[in-house]
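Fold and geometry: a report
Next come the chains, spelled out residue by residue.
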Amino acid sequence: MCGKGVNGFMKRIYMDHAATTPTDNEVVKAMEPYFTQKYGNPNSIHSFGQEARDAVEEARKKVAHLIGANPSEIIFTGGGTESDNFAIKGIAWANQKKGNHIITSKIEHHAVLHSCQFLEKHGFRVTYLPVDKYGLIDPDNVKKAITDQTILVTIMHANNEIGAIEPIKEIGKVVKEAGIYFHTDSVQTVGHIPIDVNDLGVDMLSMSGHKLYGPNGVGVLYLRKGTRIDSLIGGGSQEKNRRAGTENVAGIVGMGKAAELAEKRLVQGEEDKLIKLRDRLIKEITEKVDHVLLNGHPKKRLPGNVNLCFEFIEGESMLLNLDMEGVAASSGSACTSGSLEPSHVLLAIGLPPEIAHGSLRLTLGKDNTEEEVECVIDILPKIIEKLRALSPFKGSWEGLKK
Amino acid sequence: MSMYSDKVMEHFKNPHNVGEIKDADGIGEVGNPICGDIMKIYIKVKDDKIVDCKFKTFGCGAAIATSSMVTEMVKGKTIEEALEISNKTVAEALGGLPPIKMHCSNLAADGLSKAIEDYKKKIQDSKLKTEIKNQCKKM
């Protein structure tokens, strides 16, 4: 029976992998010795310290390999948010004599947007590029926005909400021609689609451990050799003076293991498996339910991302109903974002707020099955019907006072 | 989800008095599409008492639960008593709401007062009409 396990225990279905992924058992196993046995400080000269140092450097190699970088270009941080802050503020401070202009997009993660807004308060100028109805950025618009004051372009690799994969390689060419630094927030893509930093043409790339079956509290900033950057966190000389603070050894080891496993899965064709499940969800739900829109691009999208808007109902009430059936999902509705307005991403692709409030994001991961997808396809239309019966809008938005 | 009280979830799972009243004596609408909560409250009044109340709501769990709760609370009350119901008392009757929901989705009592306002206006209008009719007759 769908959503229900044996003995009355509910079999839960997790489809919120863009929020966080379960830590892989192998990752946990790799981390364990670094809490209680190999607990040395990697900066210590003794054998305890040196075994921790070796583990950190081994992890660095694995992460570098996953993205086609040199291990010396990998800086471990406290997470994706820190990496974004580091890249943007670090470039801004270190290059402010060259110029004070930064280019980004309207659909970036808040870690990027708030870093940019912070810099605006300190004399920098920021251009927030628009996106098309699929959430895609036009490389030509990047070109047009570049001035002689521009020091940094930061555009996300793929959007966390609608899954749109941006033309980073094309933007990279434009940015390189202008001789400007290029950063990409790659938190949603690393380990999920093949990435090569040289092919993409980026100088900096942010990643997060817990989005690729690694632990929370650890991230990476890929920093191309020769990049002029100020550090965000000052203190000791760890990470070649780029990021102070005693290394999170267990976390870093976990990140390394997660990178290694992600590379294996990519070779084994996990992407195709997820695309198949994703497209089945999209196809069957949109066939079964009317007044539904797909957000993001049908093809240029993350393998596990489904984002739909159901008209006349609100996202949180959908999530609560799904949760009662054991299905974990997310929404861009205001109620779930903790703000009063619906998602800035959904508004940027041109959706009116009342439709943006009805968004549902299902993000698939490596352990999701055909059976789970079938279950969601079965229960979701019933939930939509139930909520539409409560709605004052029926089949149209007639009577909506804006 | 543990963000809501059991009482809220109870009303959310099985909302009471969902629907429209075709010949309603008063209709109140509150909310806006930006916040994503829109409520429509319908009342039926007989001898100054609210004898029926129904709702239709576009909104989150709190919006649906408060709508359901207010329709339950108001039945059988006089107009004067009904006007004493506030957003706060609705939230209390539900065992509280998460702080962020207190101002954005807790509108049901406002919807009810608007419905009562609508009812009063209708009564006045019809009184006025009869008065005018009577005066015309006298002339």
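Residues numbered from 1 in each chain as written. Chains lettered and ligands numbered in written order. Predicted model: local features only at pLDDT ≥ 70, side-chain atom pairs only at ≥ 80, totals over all residues. Heavy atoms only, no water.

It is worth spelling out helix α1 (residues 6–13) of chain B at this point. Buried within α1(B) we find V8(B), M9(B), H11(B) and F12(B). What you see down the axis of α1(B) is that its buried residues fit within an arc of 165°, all on one side. In this structure, the buried side of α1(B) is in contact with α12 (315–324) of chain A together with α2 (61–74) of chain B. (Buried < 20%, exposed > 50% of the residue type's maximum accessible area, 1.4 Å probe, protein only. Helix = DSSP H or I, 4+ residues; strand = E, 2+ residues; numbered from the N terminus. Arc of directions from axis to C-beta. Contact = heavy atoms within 4.5 Å.)

Residue and element names in this part refer to chain A. Domain annotation for chain A reports domain 1 (6–22 + 269–390) and domain 2 (32–266). Taken together, the contact between domain 1 and domain 2 spans 29 residues of the former and 32 residues of the latter. Carbon and sulfur atoms make up 55% of the area that domain 1 and domain 2 hide from each other, which totals about 2,500 Å². It is L302, H344 and V345 that lose the most area in domain 1 upon contact with domain 2, and together they represent 23% of the buried surface on that side. The tally of links between domain 1 and domain 2 comes to 1 salt bridge. Across the salt bridge formed by E270 and R265, the nearest N and O atoms sit 3.5 Å from each other. The tally of links between domain 1 and domain 2 comes to 18 residue pairs in polar contact (both at pLDDT 80 or more). Of all elements in the fold, only α11 (270–288), β10 (305–310) and α14 (344–348) reach the threshold of two or more residues within the side of domain 1 that touches domain 2. (Domains from an automatic or database assignment. Buried area = accessible area lost by both parts, 1.4 Å probe. Salt bridge = Lys/Arg side-chain N within 4 Å of Asp/Glu carboxyl O. Polar contact = N/O pair within 3.5 Å; in protein donor to acceptor, adjacent residues only side chain to side chain.)

Here the focus is the interface of chain A and chain B. In this complex, chain A contributes 32 residues to the contact, which on the side of chain B involves 28 residues. The interface formed by chain A and chain B includes 1 salt bridge. Across the salt bridge formed by E316(A) and K101(B), the nearest N and O atoms sit 2.6 Å from each other. At the junction of chain A and chain B, the tally comes to 9 residue pairs in polar contact (both at pLDDT 80 or more). Among the secondary structure elements, those contributing two or more residues to the side of chain A that touches chain B are α12, α13 (334–337), α15 (353–356) and α16 (370–390) of chain A. Looking at the side of chain A that touches chain B residue by residue, the classes come out as 17 nonpolar, 6 polar and 9 charged. (Nonpolar A, V, L, I, M, F, W, Y, C, P; charged D, E, K, R; others polar.)

One finds I67(A), F76(A), V153(A) and L205(A) to be the most contacted residues of the largest nonpolar core, which totals 71 residues. Ranked by residue count, the leading element in this core is helix α10 (residues 249–267) of chain A, at 10 residues. Looking at which domains feed residues into this core, each of domain 1 (6–22 + 269–390) and domain 2 (32–266) of chain A gives three or more. If near-sequence neighbours (up to four positions away) are discounted, L205(A) is found in contact with I67(A), H183(A), T184(A), S186(A), V190(A), I195(A), V197(A), L200(A), V220(A), L221(A) and Y222(A). If you look at the next biggest cluster of nonpolar residues, it comprises 66 residues, including I285(A), L362(A), C375(A) and L97(B). (Core = buried A, V, L, I, M, F, W, Y, C linked by side-chain atoms within 4.5 Å.)

Turning our eyes to something else, we now look at the pairing of strand β2 (residues 37–46) of chain B. Residue and element names in this part refer to chain B. Of all 10 residues in β2, 7 are buried; the element is thus mostly enclosed. Two strands pair when backbone bridges link them, and strand β1 (residues 26–32) and β2 are joined in this way by 7 bridges, in the antiparallel orientation. Within β2, the residue paired with G31 across the bridge is I38. Hairpin geometry of β1 and β2 is characterised by an intervening segment of 4 residues between the two adjacent antiparallel strands and by a positive phi of about 85° at G36. Sheet topology note: the β2/strand β3 (residues 49–58) ladder contains 9 bridges and is antiparallel. (Pairing = 2+ DSSP bridges.)

Residues and elements named next belong to chain A. The topology assignment puts N307 in strand β10. Residues N307 and I282, spaced 25 residues apart in sequence, show a C-alpha to C-alpha distance of 8.5 Å. Look past the residues within four positions of N307 in its chain and what remains in contact with it is E161, I162, L293, L294, N295, R301, S359, L360 and R361. Side-chain polar atoms of N307 contact the backbone oxygen of E161, separated by 2.9 Å.

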